[in-house]
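Listed here are the chains, written in short residue letters.
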Amino acid sequence: MELFAIAKKAASSCKAPRELFLSALFLACGLAFLAGAAGGGQAGQEDSSHMILSGGSQGVVPFPHGLHQKVVEDCQTCHALFEQQKGAIEKAQKAGELGNRELMRQCTTCHRQARQAKQPHGPVSCNNCHNA
Ligand code: HEC
Ligand code: HEC
Ligand code: HEC
């Protein structure tokens, strides 16, 4: 994180005229480029790949969406309940199309079944999802 901040600072100084490209600055810019490339990728993943879902009164639920896109074969397992859109859960709940805790049941049922089958599975207890 700290390296990223430093590199970011250096990146802004990359706009300096070419004459100022001392070897040290050159290195810093190179680093900034690398950090920018890696950081950019991660930031992109955070947006659509890792989510924090509202768990209402029980507290937020971190949700690795990208992982589920890989391990759950059919997108519709979840998206039959709500659209493939940010804020879709809230929208569907407000419209009365998605019941309270209906999605949660989807999460816990699948995790429990996978656990029973001795497969890799996600959390099944409250505290390992809510505020985890
Ligand atoms: C285990 C459940 C689950 C599975 C499986 C799943 N999603 Fe999602 N998806 C979600 C949740 C939860 C959200 C967040 C909705 C919200 O913000 O209200 C979401 C949101 C999205 C969004 C909007 C993301 C954004 O940041 O704008 C897209 C696009 C999406 N899903 C596509 C897919 C695709 C394509 C697949 C299959 C390859 C898939 N999803 C599989 C649960 C799932
Ligand atoms: C696999 C993750 C997961 C586990 C385990 C889990 N929850 Fe949830 N819970 C969620 C998600 C996601 C939501 C939001 C979506 C929904 O309401 O269906 C939610 C919503 C809720 C809500 C609705 C909050 C509101 O105000 O609308 C309550 C209450 C709740 N959970 C209680 C619990 C309790 C109690 C347990 C343990 C017995 C538990 N949850 C275990 C993921 C989980
Ligand atoms: C159809 C099955 C299925 C559904 C639905 C599902 N999951 Fe999972 N989840 C999995 C599997 C399988 C894993 C284990 C993946 C692995 O470790 O390879 C997992 C893992 C996880 C993990 C742990 C990730 C880690 O890095 O260890 C979390 C957190 C999680 N799920 C949250 C949720 C929440 C919240 C929901 C509902 C919004 C949900 N899951 C719905 C199958 C499911």
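(A) Focus on the site of ligand 1. Near ligand 1, the surroundings consist of 20 residues, among which Val72, Cys75, Cys78, Gln84 and Ile89 are the closest. Secondary structure elements with two or more residues in the shell around ligand 1: α2 (23–48), β1 (50–53), α3 (65–71), α4 (76–79) and α5 (88–94). When grouped by side-chain class, the residues that make up the shell around ligand 1 number eight nonpolar, nine polar and three charged.

(B) The site of ligand 3, seen in detail. Surveying the vicinity of ligand 3 reveals 21 residues, the closest of which are Phe63, Cys107, Cys110, Pro120 and Gly122. Looking at the shell around ligand 3, the elements that each hand over two or more residues are β2 (61–64), α3, α4 and α6 (102–116). Counted by class, the shell around ligand 3 contains 15 nonpolar, six polar and no charged residues.

(C) View of unusual backbone geometry. For Arg101, which is not glycine, the phi torsion reads 70° and is therefore positive. Note on placement: Arg101 falls in the loop between α5 and α6. Given 13 C-beta atoms within 10 Å, Arg101 falls into the partly exposed group. Although it is not a glycine, Lys118 sits at a positive phi angle of roughly 60°. With respect to the helices and strands, the residue Lys118 is situated in the loop between α6 and α7 (126–129).

What counts, and at which threshold
The numbering scheme is per chain: residues are counted from 1 as the chain's sequence reads. Whichever chain is written first is A, and whichever ligand is written first is 1; the rest continue in order. Only residues with pLDDT of at least 70 are given local features in this predicted model, and only at 80 or more are side-chain atom pairs given and counted; all residues enter the totals for whole chains, interfaces and linings. Each residue gets a C-beta atom placed from its backbone. If that atom is within 6 Å of a molecule or strand, the residue is near it. Elements are defined by DSSP. Helices are runs of H or I of four residues or more, strands are runs of E of two residues or more, and each kind is numbered from the N terminus. When residues are grouped by polarity, Ala, Val, Leu, Ile, Met, Phe, Trp, Tyr, Cys and Pro land in nonpolar, Asp, Glu, Lys and Arg in charged, and all others, Gly among them, in polar. Here a residue counts as buried when 20 or more other C-beta atoms fall within 10 Å of its C-beta, as exposed when 12 or fewer do, and as partly exposed in between; the C-beta atoms come from the backbone.

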